[in-house]
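Summary of the model geometry
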Amino acid sequence: MTFINTIIQGVLLGGLYALYAAGLSLIFGVMRLVNLAHGDFIVLAAYVILALSSAFFIPPFWAMLIALPFLFALGWALQRVILNRTVEENLLVPLLVTFGLQIIIQNGLLEGFTANSRRLSLGGIESASLSIGGISVGVMPLFTFAAAVAVIGGLSALFYMTALGRKLRATSDNRTYVQIVGINPHKVFAIAMGIAFIVIAIAAFFMGARSNFDPSQGPARLLFAFEAVVIGGLGSLWGTLAGGVILGVSQAIGAAIHPQYQILAGHIVFLLIILFRPRGLFPKQ
């Protein structure tokens, strides 16, 4: 029973990692852009939700809904004004630009909110749990996993069932050909980044509700997101969910052996998969 409980907790933790990774997978799949500031944008979104909740005395969930259009606009503007200038260059240029954004965000948050850790308070639901067959499962982890499935399912539907999705896939395949039929790749990239920031806002809400956060947390969130994307396979949204679950389960098993092995176990599984399946478990063109 203890082993089953460990697996279940790991699967639910994997839902949070999948949320971290979904936006990163989307941007890499469309633009081939590795965003080193992705984790810091998650932390920034958490602070935006916290600030709105505190300023208007509303629950964090409603603050997140209010923040969604603003974060979409931020992502759109970031891509349109800054990152579109780098996507035509080699891989090093966007890496350097997003690394610079990472430093700016971290220092800006330190100035604005100090280094003290914060948390999004949701009241009694944070500690609420359900008993299923003698196993206690937290309500928030369940909601987190359900949100991850809903987000990735929504992104998949957007990609494969809408006109915008066809533009995103076509632009990802060949930027030159889409310009021939009148599609501006830079506008498509800006929309994709805006959508990624909506996913980032959802990930930030669940991160802030489940654990404390501070301005220095971004790189760790980026690492978990990157590992989930690579484990699942580059370009595969459902693979990203599988990668998050595998990472969460491996960390849960490591923590069950000894608490200090939790993060290490995830890194070891990541390295093993990279060694034997360099393109991930479910790679997609």
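As the structure is a prediction and not an experimental result, all values here were calculated from the model.

1. Let's talk about the UniProt feature "transmembrane region" (unreviewed entry) in the chain
- With numbering matched to this structure, UniProt assigns "transmembrane region" (unreviewed entry) to residues 6-29, 41-58, 90-110, 130-160, 188-208, 228-249 and 261-278.
- Span residues 90-110 is 90% helix and 0% strand, its end C-alpha atoms 32 Å apart.

2. Observations regarding the packing of aromatic side chains
- According to the stated counting rule, one finds ten aromatic pairs in the structure shown.
- Taking the centre distance of 5.5 Å and the plane angle of 75° together, the rings of phenylalanine 61 and tryptophan 62 count as edge-to-face.
- In textbook terms, an aromatic cluster arises when at least three aromatic residues are bridged by ring pairs, as seen for Phe61, Trp62, Phe205 and Phe206.

3. Brief notes about the packing of helix H1 (residues 2-31) against helix H9 (residues 218-232)
- For the pair H1 and H9, interaxial distance at closest approach is 8 Å and the crossing angle is 75°. Our classification of the angle between H1 and H9 gives roughly perpendicular. For the pair H1 and H9, contact is made by Tyr17, Tyr20, Ala21, Leu24 and Ser25 and by Arg221, Leu222, Phe224, Ala225, Phe226, Ala228 and Val229, respectively.
- Taken together, the residues of the contact of H1 with H9 break down into ten nonpolar, one polar and one charged.

4. Let's talk about H1
- Compared with an ideal rise of 1.5 Å per residue, which puts 30 residues at 44 Å, H1 spans 43 Å between its outermost C-alpha atoms and is within 8% of the ideal.
- Along its length, H1 shows its largest kink, about 35°, at alanine 21.
- Arginine 32, located one to two residues past H1, shows a positive phi value of around 55°.

5. Overview of the environment of lysine 187
- Relative to the helices and strands, lysine 187 is located in helix H8 (residues 185-210).
- The class of lysine 187 is partly exposed, set by a relative accessible area of 46%.
- Taking the C-alpha atoms as reference points, lysine 187 and alanine 67, 120 residues apart in sequence, are found 22 Å from one another.

6. Thoughts on the side chain of histidine 38
- Considering the arrangement of structural elements, one finds histidine 38 in helix H2 (residues 38-56).
- Looking at histidine 38, the relative accessible area reads 3%, which means it is buried.
- In this structure the side chain of histidine 38 is engaged in a polar contact, spanning 2.6 Å, whose partner is the backbone oxygen of tyrosine 20.
- Excluding its chain neighbours within four sequence positions, the residues that come into contact with histidine 38 are Tyr20, Gly23, Leu24, Ile200, Leu222 and Ala225.

Rules and cut-offs
Residues numbered from 1 in each chain as written. Predicted model: local features only at pLDDT ≥ 70, side-chain atom pairs only at ≥ 80, totals over all residues. Heavy atoms only, no water. UniProt positions renumbered as here; feature names shortened; annotations may be inferred. Helix = DSSP H or I, 4+ residues; strand = E, 2+ residues; numbered from the N terminus. Phe/Tyr/Trp six-rings, centres within 6.5 Å; stacked < 30°, edge-to-face > 60°. Axes fitted to C-alpha atoms, helices over the stretch in contact; angles between N-to-C directions. Parallel < 35°, antiparallel > 145°, perpendicular 65-115°, else oblique. Contact = heavy atoms within 4.5 Å. Nonpolar A, V, L, I, M, F, W, Y, C, P; charged D, E, K, R; others polar. Expected span 1.5 Å × (residues − 1). Bend = angle between axes of the 7 residues up to and from the residue. Buried < 20%, exposed > 50% of the residue type's maximum accessible area, 1.4 Å probe, protein only. Polar contact = N/O pair within 3.5 Å; in protein donor to acceptor, adjacent residues only side chain to side chain.

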